[in-house]
Structure formats: structure tokens, C-alpha cells
Amino acid sequence: MKVVTPQEMAQMDQKTIASGISGIDLMEKAGTECTRVIESTLKEGMLICVICGPGNNGGDGQVIARQLSEKGFSVQVFFTEPADKMSPESQTNYSRLRESSVAVQFLSHEAGLEGFEASLAGADLVVDAVFGTGLKDRPLGEWYETLLNAVNACGKRIAAIDIPSGLRGDNGLTLEAAVEADQTIIIQNYKVGCLLNDGPDCVGEPVLVDIGIDENCVENNKYFVQKQDLRCPVKRKKNSHKYDYGSVVIIAGSKGMIGAGLLATEGALKSGAGLVTSYVPLEVYLPVAARSPVEVMIKTYDCNITGEDIEHDRKRVVLIGPGIGRKKNYSIILNDLLYNTTVPVVIDADGLFHLSRNLDVLKESKTPVILTPHFGEFSTLTGVDREEILKDPIGHGRCFAEEYQVVLVLKGYRTMIFSPEGEVFFNSTSNPGMATAGSGDVLAGMIAGFAGQSVDLLEAAKAGVFYHGAAGDYYAEHYGESTLTARNIIDSFKYVLK
Ligand SMILES: NC(=O)C1=CN([C@@H]2O[C@H](COP(=O)(O)OP(=O)(O)OC[C@H]3O[C@@H](n4cnc5c(N)ncnc54)[C@H](O)[C@@H]3O)[C@@H](O)[C@H]2O)[C@@H](O)CC1
Ligand SMILES: Nc1ncnc2c1ncn2[C@@H]1O[C@H](COP(=O)(O)OP(=O)(O)O)[C@@H](O)[C@H]1O
Ligand SMILES: [K+]
């Protein structure tokens with residue numbers, strides 16, 4: 001399934017209309033599908049307030065109001081602009097609405113919103129159809145800000161149509177205010193803004209409705225990753241041995257941070273790697289050996305290590321970074337791995353810090369590379385302010401992955417995976433309980449574990465991110481988010497990686 005920008009969605013709408021279905025019929029279809037979803041949440045006799053803006057989002061709202069009224073519900077529509085400011089399709093729907101028994105009121109921009117607030121307080125459901133994908137990045141103005149804040153303050157269940165009003169569809173940032181919906185009925189495809197920044201908190205529960213628009217009618221390489229899209233874990237042949245599932249080397253952990261290495265190691269082992277070898281500084285050998293799973297081989301290094309220190313024999317992937325610290329000069333091993341070997345390398349956490357000191361090594365390297373930064377680490381890598389990145393995460397991520405020819409895993413609620421070819425994959429799993437120490441170490445290990453089993457690093461990154469989130473979701477479904485720890489993620493692998 002594709003994820004679209006507002007501009008792409010507008011082009012898709014236009015192409016669909018050009019292919020024969022009229023704009024007014026497409027709006028009727030959108031409204032009908034939204035009504036179906038809304039109706040399933042209603043009980044007989046309920047009162048629904050629909051707030052309609054001047055554009056086609058408001059037009060959808062009018063279709064919903066008319067259809068709910070035809071189904072016997074009491075419906076009150078509030079318009080935020082006079083009829084002459086409505087889009088053509090909205091005006092057509094306004095004439096249809098006037099023939100129905102829906103109560104209609106035009107809100108005044110001069111008078112206060114007291115009556116409006118009182119009506120919301122008496123409603124059972126508020127439908128937000130003020131702005132959709134046509135929202136422009138310009139100030140809403142005080143009146144709309146007050147209106148959207150009043151919607152949020154009404155304390156009633158809110159269903160937003162297509163995208164919560166005030167939320168930017170291109171990046172998930174909000175204007176001066178944005179509706180925080182309980183449910184958002186998303187028309188046809190996820191908009192980028194539903195998945196990034198404040199988007200997921202404003203969207204609430206997302207429900208997608210299909211109105212028959214072909215997502216491939218416009219060129220777009222942004223995807224929403226679901227289980228059926230994944231190629232890992234690989235099917236195990238009867239005629240196989242452990243090296244068929246990858247020999248994974250993990251350089252992680254240091255004095256004071258052995259946990260990071262242990263979590264990454266177990267993450268790799270339990271995601272199906274055939275063999276895991278953990279490299280740790282000599283000084284932490286004993287505590288690491290005491291706590292490592294017995295299946296893991298542990299080797300030590302002193303001072304700096306080079307690629308040659310690591311046995312190249314049958315090694316399929318190296319993970320470097322979790323908990324290695326910033327003191328030792330890891331640039332030597334990093335450069336060595338990237339210049340002098342062709343074994344795929346996953347670079348995480350402090351490994352990214354060392355890499356940021358000599359980023360150009362990536363350009364000269366022939367080794368396939370996966371980088372797994374969170375937004376702060378990505379800011380260090382690129383030298384671009386975090387706030388700037390948040391305004392256009394797709395642009396920055398895509399540009400970096402293409403320039404340095406790496407697979408980039410940019411971590412967050414809906415982690416994005418960028419391919420060196422410019423594709424973007426949004427993950428569909430994980431929950432805020434996973435914002436906990438060590439969660440990223442587990443992910444790095446899991447990606448390395450899959451990379452050992454798969455020749456394609458992009459597939460390994462997609463699967464690692466998906467199943468890491470799915471394991472966290474499994475725990476959260478059973479025990480809630482707040483007690484979730486990195487160890488619980490590993491312990492839940494067995495339920496989701498079947
Ligand atoms: N034929 C189509 O294009 C279809 C569109 N659909 C719906 O139409 C929506 C998009 O409709 P539109 O493109 O008309 O746009 P919207 O309805 O999202 O908003 C456009 C209106 O909002 C105003 N506006 C934009 N930014 C503003 C700001 N920052 N402050 C104050 N006012 C602002 C504009 O002046 C304009 O009047 C979708 O989200 C979807 O709900 C669906 O009905 C399916 C078919
Ligand atoms: N709010 C959130 N919702 C869902 N997943 C999250 C959230 N915050 C972080 N995560 C996930 O948890 C992991 C955290 O990784 P990272 O920031 O490297 O943490 P650490 O260094 O403590 O291991 C990533 O996989 C990220 O996607
Ligand atoms: K809306």
C-alpha cells in the first residue's frame with residue numbers, strides 16, 4: 001500500500017476524475033464510505049454535529065450529514081464559511097443538503113462561538129470536516145484556531161474526515177491548532193502527515209476507506225509496510241545448516257554499557273541467525289560471558305581492532321555500535337570494515353557518532369551498509385538541525401540514502417526505511433512503550449540477524465523494523481505499554497516470528 005503527499009492525492013483525484021467518474025460522484029462515494037464507518041460506531045437516536053469547511057473536505061462532511069440524516073440520526077451541520085466561498089462540489093452538496101432535514105448553521109467570524117460550543121457539548125459525535133489535504137502552510141488565523149481548540153475541548157468523541165483539521169498532510173506538523181481525533185477515516189491512502197511528528201496523536205485510530213482510486217495512477221515510491229510485503233524470516237530448508245542462516249559478528253558493549261551488546265546479541269540470535277559472535281573489549285569479557293546466552297561465541301579485543309582481527313570466514317554481516325562508547329578510536333575499525341571488506345555492515349548508536357567524523361568513507365566504500373539512527377543521531381550525521389529535519393524527514397532521509405548509497409533506518413513511532421534508490425518504506429508496527437532504553441539495541445541486533453539470512457539489506461531492514469515493532473505490540477496488547485522493556489521485546493519475538 002502506498003503513502004501519499006497531499007499533492008499526490010490531489011493528482012490521483014484529478015486522474016480518477018479525468019478517467020470518467022465525476023468529482024461530485026467521487027465525493028458521494030467518499031462520503032458514503034465514511035458514513036458506513038461512522039454508522040458502525042453509532043446507536044439509535046444519537047445526535048451528530050458535522051463541522052464543514054469551505055473545500056471538498058467540507059463537501060465530504062455534507063454528504064455524511066445527509067446520509068446519516070437519511071438513516072434516521074439527528075444531524076446538525078455548522079459551516080465555517082458562507083456558501084459563496086464553497087468549492088463547486090461543496091455547493092452542489094449544499095443544495096442537496098437544503099432538501100434534507102439536516103439543521104444547518106453558518107458560523108459567524110465576527111460573533112463568538114458560545115452557541116457552537118454548547119451544541120458540541122450536546123452532541124454524541126463530532127465530525128471534523130473543516131480542512132483536509134487542501135490545508136495550506138499559512139496561518140489559520142485566530143478564528144479557526146479558536147474553533148479547532150473548541151472542538152478539542154468539547155469532550156465528545158471526534159471522527160475526522162481524511163486528516164484531522166490543522167494537521168499538515170506533508171509532514172505531520174500542526175498549524176496553530178489541530179483537531180485531536182478519536183478516529184480518522186482516511187480516504188484511499190495514508191497521507192504522509194498521518195504517520196509523522198504529531199500526526200499519529202492527532203489521527204487517533206486510523207481507518208482506511210477505499211473509494212476506487214488507483215494508487216498507481218501517479219508515480220510515487222512511498223510504501224506502508226505490512227506483514228505480507230516481507231521476505232523474512234526465510235523459509236528454512238530441510239537440507240541446510242547453520243551457516244545458511246548467517247554468521248553474524250557483533251561489535252558492541254563497553255565498560256558501563258555491556259547491556260547494549262547483550263541486547264543486540266540476543267536480538268540477532270533470537271531472530272534466527274545461524275551463528276552469533278560477539279566482540280567485546282577485554283576488560284568486560286567476564287561480566288559479558290557470565291550474562292551472554294550460551295549459544296553466543298565471545299571474543300575479545302584490546303585497544304583498536306581491525307577488520308582482519310575479525311574472522312572473515314563465512315561471516316555474513318557485522319553490526320557495530322551499540323554501547324561501544326565514544327572514547328576508543330573506532331574510526332579505524334569502521335574504515336577498515338568499509339574500505340577493506342565487502343561484508344555488509346550495520347552501524348548503530350555510537351557507531352554512527354564515529355562515522356559522522358568521516359562520513360565520506362561511505363562514498364568510497366563498496367560494502368553494503370545499513371545505518372539505524374534516531375532523529376538526534378541523524379542530525380549529528382548530517383549536520384542538519386533536528387527541527388529542520390522534522391519539517392521534511394522524507395526529503396532529508398531520501399537525499400542522504402541516495403547520496404551515500406546506504407539503507408537508512410530513521411527511527412521513530414513509524415520508522416522510515418530509505419533505500420539507496422530513493423524508495424521510502426513506513427513501518428506499520430510499534431508503540432510508545434518502545435521508547436525505552438535498549439530498544440534500539442534489540443532492533444540493531446534483529447536487523448543484523450535478518451541481514452545474515454537475507455542477501456538483500458533492504459529486506460532485512462524492513463523485516464527487522466516490522467517484527468521488532470510487532471514484538472513490542474504483542475507485549476503492549478497483553479500487558480500495556482508502560483512496563484515494556486527491551487528484554488520484553490526479545491521475549492516476545494517467539495510469538496510474532498512464527
Ligand atoms: N475530487 C476530489 O478532489 C476529492 C476530494 N476529497 C476530499 O477533499 C479534500 C481536499 O479538498 P480541497 O482540496 O478542496 O481542500 P480542503 O477542503 O482540505 O481545504 C481547502 C479550503 O481550506 C482553505 N484553507 C487552506 N489552508 C488554510 C489555512 N491554512 N487557513 C485557513 N484556511 C485554509 C482554502 O482556502 C480552501 O477553502 C480531501 O481531504 C478529501 O476529504 C474527497 O471528496 C474525494 C474526492
Ligand atoms: N514513541 C515511540 N513509539 C514507537 N516506537 C518508538 C517510539 N520511540 C522509540 N521507538 C522505537 O524504539 C527504538 C528506540 O531506539 P533508540 O532511540 O536507538 O533507543 P536506545 O538507544 O535506547 O536503544 C526504535 O526502534 C524506535 O523506533
Ligand atoms: K478533516
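Residues numbered from 1 in each chain as written. Chains lettered and ligands numbered in written order. Predicted model: local features only at pLDDT ≥ 70, side-chain atom pairs only at ≥ 80, totals over all residues. Heavy atoms only, no water.

Visitor: Mind showing me how you'd approach the sheet that holds strand E5 (residues 125-129) here?
Guide: Either a parallel or an antiparallel arrangement is found when strands of a sheet pair, and the pairing is made through backbone hydrogen bonds. Taken together, the seven strands give an open sheet; going across it, the order is E4-E3-E2-E5-E6-E7-E9, and neighbouring strands pair in parallel fashion. Looking along the sheet, the strands with just one partner apiece sit at the ends: strand E4 (103-106) and strand E9 (205-209). Direction aside, the axes of adjacent strands within the sheet are offset by 20° on average. Relative to strand E7 (residues 183-187), strand E6 (residues 157-161) is paired through three bridges, and the arrangement is parallel. Paired with Ile 161 across the strands is Ile 185, a residue of E7. (Pairing = 2+ DSSP bridges. Helix = DSSP H or I, 4+ residues; strand = E, 2+ residues; numbered from the N terminus. Axes fitted to C-alpha atoms, helices over the stretch in contact; angles between N-to-C directions.)

Visitor: Mind showing me how you'd approach the coordination of the potassium ion (ligand 3) here?
Guide: Perfect tetrahedral coordination of a metal by four donors corresponds to 109.5 degrees between them, and perfect octahedral coordination by six donors corresponds to 90 or 180 degrees. Those donors, Asn 57 (OD1), Asp 128 (O), Phe 131 (O), Ile 161 (O), Ile 163 (O) and Ser 165 (OG), are the protein atoms that reach the potassium ion (ligand 3), and they lie 2.6 to 3.1 Å from it. Here the donor residues for the potassium ion (ligand 3) map to a single chain with the spacing N-x70-D-x2-F-x29-I-x1-I-x1-S. Highlighted residues: Asn 57 in helix H3 (residues 56-70) and Asp 128 in strand E5, separated in sequence by 71 residues. An identical accessibility class is assigned to Asn 57 and Asp 128; each is buried. (Donors = N, O, S within 2.8 Å, 3.2 Å for Na, K, Ca; no water. Buried < 20%, exposed > 50% of the residue type's maximum accessible area, 1.4 Å probe, protein only.)

Visitor: Would you take a moment to explain the UniProt feature "binding site: AMP" (unreviewed entry) in the protein chain for this structure?
Guide: Sites flagged by UniProt as "binding site: AMP" (unreviewed entry) map to Lys 411, Gly 412, Tyr 413, Arg 414, Thr 415 and Gly 440. Spanning 30 residues, the named residues form one tight spatial group whose C-alpha atoms are at most 13.7 Å apart. Relative to the elements of secondary structure, Lys 411 occurs in the loop between strand E17 (407-410) and strand E18 (416-418). Lys 411 has contacts with Asp 348, Thr 372, Pro 373, His 374, Phe 375, Gly 440 and Leu 443, leaving out every residue within four places of it along the chain. From its side chain, Lys 411 meets the backbone oxygen of Thr 372 in a polar contact 3.2 Å long. Structurally, Gly 412 is set in the loop between E17 and E18. (UniProt positions renumbered as here; feature names shortened; annotations may be inferred. Contact = heavy atoms within 4.5 Å. Polar contact = N/O pair within 3.5 Å; in protein donor to acceptor, adjacent residues only side chain to side chain.)

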